[in-house]
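Topology and contacts: notes
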Amino acid sequence: MFISFKRILRSGLEKFLRDRSSTGAALVVMTIALFVASSLFVLQGMSTFLVAELQESVDVSAYFKDAVSEEEIFQVREQLLAQDQVKEVEYVSKEEALSRFIEAYKGNEAILAPLDAIGRNPLLAHLNLRARDPSEYSSIAEFLGEEKFASLIADIDFHDREPVIERIALITRGIQTVVLAVIIALSVVACLVAFNTIRLTIYASKDEIEIMRLVGAGSWFIRGPFLVQGVLVGVTSTACTLILLFVFSFFVSDELQSFTGFDLSLFLTSQIFILFPLQLLAGIGLGIISSFIAIRRYLKV
């Protein structure tokens with residue numbers, strides 16, 4: 001048993017090294033397939049980043065009346081944080097609101113001059129709210145609009161921002177749907193191309209297989225070297241794909257980050273211990289399954 005296994009491994013290694021044309025074709029196609037699959041992994045990460053950035057750019061503010069104390073505002077904040085829809089609540093005091101306003105319009109005397117004329121801080125203390133999902137801002141606004149908050153809250157700017165929030169929610173769903181459709185389509189294409197290439201490389205060895213059958217070789221003794229070759233192709237193509245990904249990121253990372261804010265190099269580095277095992281599993285699995293099915297279906301072993 002061990003001797004047969006050893007012979008299968010040696011035969012598979014020799015086939016991998018000897019059949020340069022078939023091995024080379026399988027390697028190129030498998031590397032392309034894994035590169036596409038890895039690109040889809042990156043695309044999913046980038047879409048998640050962009051969706052999060054879109055959602056972070058939206059918030060709703062609840063402005064409190066001048067007579068309301070900080071203690072009462074913090075009580076409202078605690079009630080908001082207890083809501084499942086609420087992700088984050090930031091308290092901005094009157095002084096902080098004024099400081100931010102002055103910083104935002106620094107150098108614009110047309111806007112800042114009225115503040116000096118008023119002689120006091122006209123801005124209100126408020127809470128900036130971020131929801132877990134843009135679609136949940138309406139329910140948060142309804143919660144703040146309840147009678148128990150009427151004596152505390154002067155205004156909620158949800159209705160002013162509602163069109164923008166709805167547009168961002170629509171864009172978010174669109175990005176997620178498009179990315180999912182692209183991932184499914186390209187994954188199917190990559191698998192089919194890799195499978196057919198390996199099938200053709202095995203078909204090129206049809207005469208060799210027929211001779212092995214004539215001399216009495218068992219089915220698994222015939223299958224074994226092709227499965228080993230598939231594993232070696234998967235491992236080698238995984239290494240090639242990983243190198244290609246980092247070379248690709250070296251050239252496009254800066255431009256991509258300046259355009260979208262997504263740091264491709266940082267993403268690949270942080271996800272390497274997830275991406276590499278997935279690539280290895282996909283490469284070996286695709287090589288073994290394709291080899292096994294191709295021999296069984298097309299060579300009638």
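Thresholds, definitions, all that
- Residue numbers run consecutively from 1 along every chain, following the written order of its sequence.
- Under the rules for a predicted model, residues below a pLDDT of 70 receive no local features and side-chain atom pairs below 80 are neither given nor counted, while totals for whole chains, interfaces and linings still include all residues.
- As a rule here, side-chain values cover all heavy atoms of the structure and leave hydrogens and water aside.
- We count a stretch as a helix when DSSP gives it H or I for four or more residues in a row; a strand needs E for two or more, and each element gets its number in order from the N terminus.
- Each residue's exposure class comes from its accessible area (1.4 Å probe, protein chains only) as a fraction of the maximum for that residue type: buried when under 20%, exposed when over 50%, partly exposed otherwise.
- Contact criterion: two residues are considered in contact whenever any of their non-hydrogen atoms come within 4.5 Å of each other.
- What counts as an axis is a line fitted to C-alpha atoms, over the stretch in contact for a helix, and the angles between N-to-C directions run from 0 to 180 degrees.
- What makes a crossing left-handed is the near helix being turned counterclockwise from the far one by less than a right angle; a clockwise turn instead makes it right-handed.
- Here the nonpolar group is Ala, Val, Leu, Ile, Met, Phe, Trp, Tyr, Cys and Pro; Asp, Glu, Lys and Arg are the charged ones; every other residue, Gly included, is treated as polar.
- Polar contact criterion, stated in full: a pair of N or O atoms within 3.5 Å, where within protein one must be able to donate a hydrogen and the other to accept it, and residues adjacent in sequence count only if both atoms are side-chain atoms.
- A residue counts toward a patch only above 30% relative accessible area and without a salt bridge, and it is joined to like-charged neighbours within 9 Å or, for Val, Leu, Ile, Met, Phe, Trp and Tyr, to nonpolar neighbours within 5 Å.
- For every accessible area listed, the method is Shrake-Rupley and the probe measures 1.4 Å; residues are considered covered only by the protein chains on display.
- Any Lys or Arg side-chain nitrogen located within 4 Å of an Asp or Glu carboxyl oxygen qualifies as a salt bridge.

Notes on the side chain of Ser253
Relative to the helices and strands, Ser253 resides in helix H9 (residues 219-260). With relative accessibility at 5%, the residue Ser253 sits in the buried group. Excluding its chain neighbours within four sequence positions, the residues that come into contact with Ser253 are Phe262, Asp263, Leu264 and Ser265.

Structural notes on the packing of helix H4 (residues 94-104) against helix H5 (residues 109-118)
Where H4 contacts H5, the two axes come as close as 10 Å, and the packing angle between them is 145°. Note that H4 runs across H5; the crossing there is left-handed. Across the interface between the two elements, Leu98, Phe101 and Ile102 of H4 pack against Ile111, Leu112 and Leu115 of H5. Per-class residue counts for the contact of H4 with H5 are six nonpolar, no polar and no charged.

Details of the environment of Lys106
Considering the arrangement of structural elements, one finds Lys106 in the loop between H4 and H5. You can call Lys106 exposed: its relative accessible area is 60%. Here Glu103 takes part through its side chain, which lies 3.4 Å from a polar atom of the side chain of Lys106.

What about a nonpolar patch on the surface?
On the surface, Leu180, Ile184, Val188 and Leu192 cluster together into a nonpolar patch covering about 370 Å² of accessible area. Note that Leu192 resides in helix H7 (residues 158-203). Residue Leu192 is classed as partly exposed on the basis of its relative accessible area of 48%.

Describing the pattern of salt bridges
Tallied over the full model, the rule gives seven salt bridges. Across the pair Asp66 and Lys94 runs a salt bridge, and its minimum N-O distance is 3.1 Å. Pair noted here: Asp66 is in the loop between strand E1 (60-64) and helix H3 (70-81) and Lys94 is in helix H4, with a separation of 28 residues, a long-range link. For Asp66, a relative accessible area of 52% puts it in the exposed group. Assessed through its relative accessible area of 22%, Lys94 is described here as partly exposed. Across the salt bridge formed by Arg130 and Glu88, the nearest N and O atoms sit 3.8 Å from each other.

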